[in-house]
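This is what each chain is made of:
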Amino acid sequence: MSVQNVLNLIKEKNIEWVDFRFVGLSGKAQHISLPATEVDEDTFVNGVAFDGSSIPGFRGIEQSDMVMMPDTETAYIDPFTAHPTLIIMSNIHTPEGERYDRDPRSIAQKAEEYLQTTGVGTTAFFAPESEFFIFDDVRFENGMNKSYFEVDSEEAGWNTGRKEEGGNLAYKVPVKGGYVPVAPMDSQQDIRSEMCNKLADAGLRIERHHHEVATAGQAEINFRFDTLTKTADNLLKYKYIVANTAREYGKVATFMPKPLFGDNGSGMHVHMSIFDGSEPLFYEKGAYANLSEMAINYIGGILYHAPALIALTNPSTNSFKRLVPGYEAPVNLVFSKGNRSAAVRIPIAAVTPKGCRIEFRTPDSTANPYLAFAAMLMAGLDGIKKKIDPRALGYGPFDTNIYEMSDSEKAEIRSVPGTLDEALDALAADSDFLIEGGVFTQDFIDNYIELKRGEAKAVAIRIHPHEYNLYFDC
C-alpha cells in the first residue's frame, strides 16, 4: 500500500487517529497515536519521534531520541477503538536516519535480506501455531509477605463440585481432556469464532480454530503462512485481537507458556520452508518424509544450535515450566515424521510439494517473533551452509514414542536446556551463526543476555509458595 493509498484510506474510512506501533525486545507492541489531521506525506518521510530510554533494553537517557519509520504495507483498522483508528507498524531508526541495530523488526528484515545473498533461495515462509488460554478470572500478587496466583475458568476441571447461583451446569473439561470436544463441553466456540472474524477483517487468512488439550479454556487459532517479517507482524496482530476480543467477552486471554500446574502448557509450533521463486526447496519425492537434503541440513542447523536458539524462542523463566516431560512438550532434540514427541516434526498428512515443511515445536509465545523467526532462519541456513547432517549427529529420525523409551535409551538423546540461564549460557557460547551477514550484532546479543539474566535473577531470588510446603517445619 502506497503512502497515498494510506492517506486515501484515512479519508474514506473517516479515520480520526493513526496509531503508530513498534516492538521492543520483549516482543510486546508499543504505540503512539497521532490525530489523523496531523498525518501527511511528511509523516512517512520524517517518521514519529519517541523516547527510546523508556523502552527496556534500548538506549540510555543520554541517547533517548529515536524515530519510528512507518511501514504502509502493515496498515489495518483497529476493530476495538471507539474512535476510528488506523494501526501501522514501524521500524526504528536513529535520529541520523540509520536502521537501529537493536530493532527486532529490522533484524527480521536483515535475516530475509541475508537469505537472498546466500544463493540458497529467495523466500522463507513461516507459520506459527500460537496456543493460549481464555480465563474468567486472574489474580496474582508478589510482596514481602505474600506470593500467589489464582486463575479460574467456568469450564475448568477443578470446578465440577463448585456451587453456583442457578446451579452448576457440569460439562467441565478434564485435565488433558480438552482436545476438540464439541459443545457444551467446549464452551468457547463463539468467542474463538469472533476472534477469527476480527482477524480476517484485519487481513489474516484463517485456516481453523479449536479447543486445545488442557482444561480451563486452552485454545488455538491457525492463520496462513507468510514471509518472515509479515508473519511476525501478523502474530502481533493475532495476539492483540485475541486479547481484546476476550476482554470484550468479559474474559482474559494469556499466551503465557505454563499458567497451570499439572496440565499441558501453551506452545508456538513454528512451520518453516524455503522457496526459490515459486519452487519449493524442501521437497524431494521418495526421500525420508519427502524431504530434500537441503531440508535435512536445515533441520541439522536447528537442532545443532537449539540450546542457543532456545534463549530466543523460549525466553522466559516460565518457558521452562512447560519444557518438562509428560505434557506433550518437545524436550527432546531430535526430528521425526509426524511424531509430536520430537522437537522437529515433519508433517506428512495431506502435504503437497509446496506444502512440504518442517515444524519446530519447542518455541512458545513469550518469544519476540521477529527475533525468534530470524534466529531460526539463521540456524537453518547455517545447517545448509555447513551441510550439518542430523542423522550423523544422533538427532534421529526417531519414529517411536520417545516418552515410552527406557531411561537408558533416553539418556542418549540430547534435551533442551533446563533453565533460562542455561539457554543464555548456550547463546553466549554459540552466537556466530546469528552474527553472520550482520543480521544480529554482538552488541545486541550481549545486551539481550544481560536483560534476560535480570529477569531470571528477579524470579530466582523470590520466595516460592511451595517452599513453605517443603521447608517451613525443617
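Residues numbered from 1 in each chain as written. Predicted model: local features only at pLDDT ≥ 70, side-chain atom pairs only at ≥ 80, totals over all residues. Heavy atoms only, no water.

Participant: Can you walk me through the overall build of the chain in this structure?
Facilitator: Of the regular secondary structure elements, the chain holds 14 helices and 18 strands. Here the chain has a C-alpha radius of gyration of 23 Å; the compact-globule value for 474 residues is 23 Å, and the two agree. Considering only C-alpha atoms, the chain reaches an extent of 65 × 60 × 50 Å along its principal axes. Burial status across the chain gives 53% buried among its 474 residues. (Helix = DSSP H or I, 4+ residues; strand = E, 2+ residues; numbered from the N terminus. Rg over C-alpha atoms; globule rule 2.2 N^0.38 Å. Buried < 20%, exposed > 50% of the residue type's maximum accessible area, 1.4 Å probe, protein only.)

Participant: Can you help me understand the side chain of D233 in this one?
Facilitator: The topology assignment puts D233 in helix α5 (residues 228–248). The residues contacting D233, other than those within four sequence positions of it, are T74, M89, R105 and Y370. (Contact = heavy atoms within 4.5 Å.)

Participant: Can you walk me through a negative patch on the surface in this structure?
Facilitator: Where like charges cluster on the molecular surface, the negative patch consists of E38, D40, E41 and D42. Residue position: D40 is located in the loop between β2 (29–35) and α2 (41–46). (Patch = residues over 30% accessible without salt bridge, like charges linked within 9 Å, V, L, I, M, F, W, Y side chains within 5 Å. Areas by Shrake-Rupley, 256 points an atom, 1.4 Å probe, with all protein chains shown as cover. Salt bridge = Lys/Arg side-chain N within 4 Å of Asp/Glu carboxyl O. Lys, Arg positive; Asp, Glu negative; His and termini not counted. Charge placed at Lys NZ, Arg CZ, Asp CG, Glu CD.)

Participant: Please clarify how the pattern of salt bridges should be interpreted in this entry.
Facilitator: Think of it this way: side chains of opposite charge can pair up when their charged atoms draw near. For the coordinates displayed, the defined rule picks out 27 salt bridges. Residues R139 and D137 are paired through a salt bridge, measuring 3.0 Å at the closest nitrogen-oxygen approach. In this structure, the salt-bridge partner of E248 is K198, at a minimum N-O distance of 3.3 Å. Residue E248 is located in helix α5, and its partner K198 is located in helix α4 (residues 189–201); the two are separated by 50 residues in the primary sequence. When its relative accessible area of 48% is taken as the criterion, E248 is described as partly exposed. Of the residues examined, K198 reaches a relative accessible area of 10% and is grouped as buried.

Participant: What exactly am I supposed to notice about the pairing of strand β9 (residues 147–152) here?
Facilitator: If a strand is regular, its side chains alternate between the two faces of the sheet. Sheet topology note: the strand β8 (residues 137–142)/β9 ladder contains six bridges and is antiparallel. Paired with V138 across the two strands is V151, which belongs to β9. Hairpin connection from β8 to β9: four residues lie between these consecutive antiparallel strands. (Pairing = 2+ DSSP bridges.)

Participant: Sorry if this is basic, but what is going on with unusual backbone geometry here?
Facilitator: Trans peptide bonds make up the majority, and among non-glycine residues the majority have a negative phi. Looking along the chain, the bond that leaves A183 and enters P184 is cis, with omega of 10 degrees. You can see P184 is positioned in the loop between β9 and α4. Cis geometry marks the peptide bond from G396 to P397, where omega comes out at 10 degrees. In this fold, P397 is placed in the loop between α9 (369–386) and α10 (407–410). Residue Y171 is not a glycine yet carries a positive backbone phi of 50 degrees. For Y171, the position within the fold is in the loop between β9 and α4.

Participant: Would you mind showing me how to read the pairing of strand β14 (residues 268–276) here?
Facilitator: Counting buried positions along β14 gives eight out of nine residues, so the element sits mostly inside the fold. The sheet contact formed by β14 and strand β18 (residues 358–360) spans three bridges and is antiparallel. Residue pairing for β18: V270 is matched across the bridge by F360. Across two bridges, the pairing between β14 and strand β15 (residues 279–280) is antiparallel.

Participant: Help me understand the environment of T85 in this model?
Facilitator: Residue position: T85 is located in strand β6 (residues 85–93). Separated by 51 residues in the primary sequence, T85 and L34 have C-alpha atoms spaced 9.6 Å apart. Apart from the residues within four sequence positions on either side, T85 is in contact with I15, W17, D19, Y76, I77 and D78.

Participant: Just to check I follow, could you spell out the domain arrangement of the chain for this structure?
Facilitator: Where interface size is quoted, it is often the accessible area lost as the parts come together. Here the chain is described as being made up of domain 1 (3–100) and domain 2 (123–472). A separation of 29 Å is found between the C-alpha centroids of domain 1 and domain 2. Counting residues at the interface gives 16 residues for domain 1 and 17 residues for domain 2. Between domain 1 and domain 2, roughly 1,400 Å² of surface is buried when both sides are summed, and carbon and sulfur atoms account for 68% of that area. Its largest share of buried area at the contact with domain 2, domain 1 owes to L25, Y76 and F80, together 47% of the area lost on that side. The interface formed by domain 1 and domain 2 holds zero salt bridges in total. Where domain 1 meets domain 2, there are five residue pairs in polar contact (both at pLDDT 80 or more). When residues of the side of domain 1 that touches domain 2 are traced back to their parent elements, those giving at least two are β1 (17–23) and β6. (Domains from an automatic or database assignment. Buried area = accessible area lost by both parts, 1.4 Å probe. Polar contact = N/O pair within 3.5 Å; in protein donor to acceptor, adjacent residues only side chain to side chain.)

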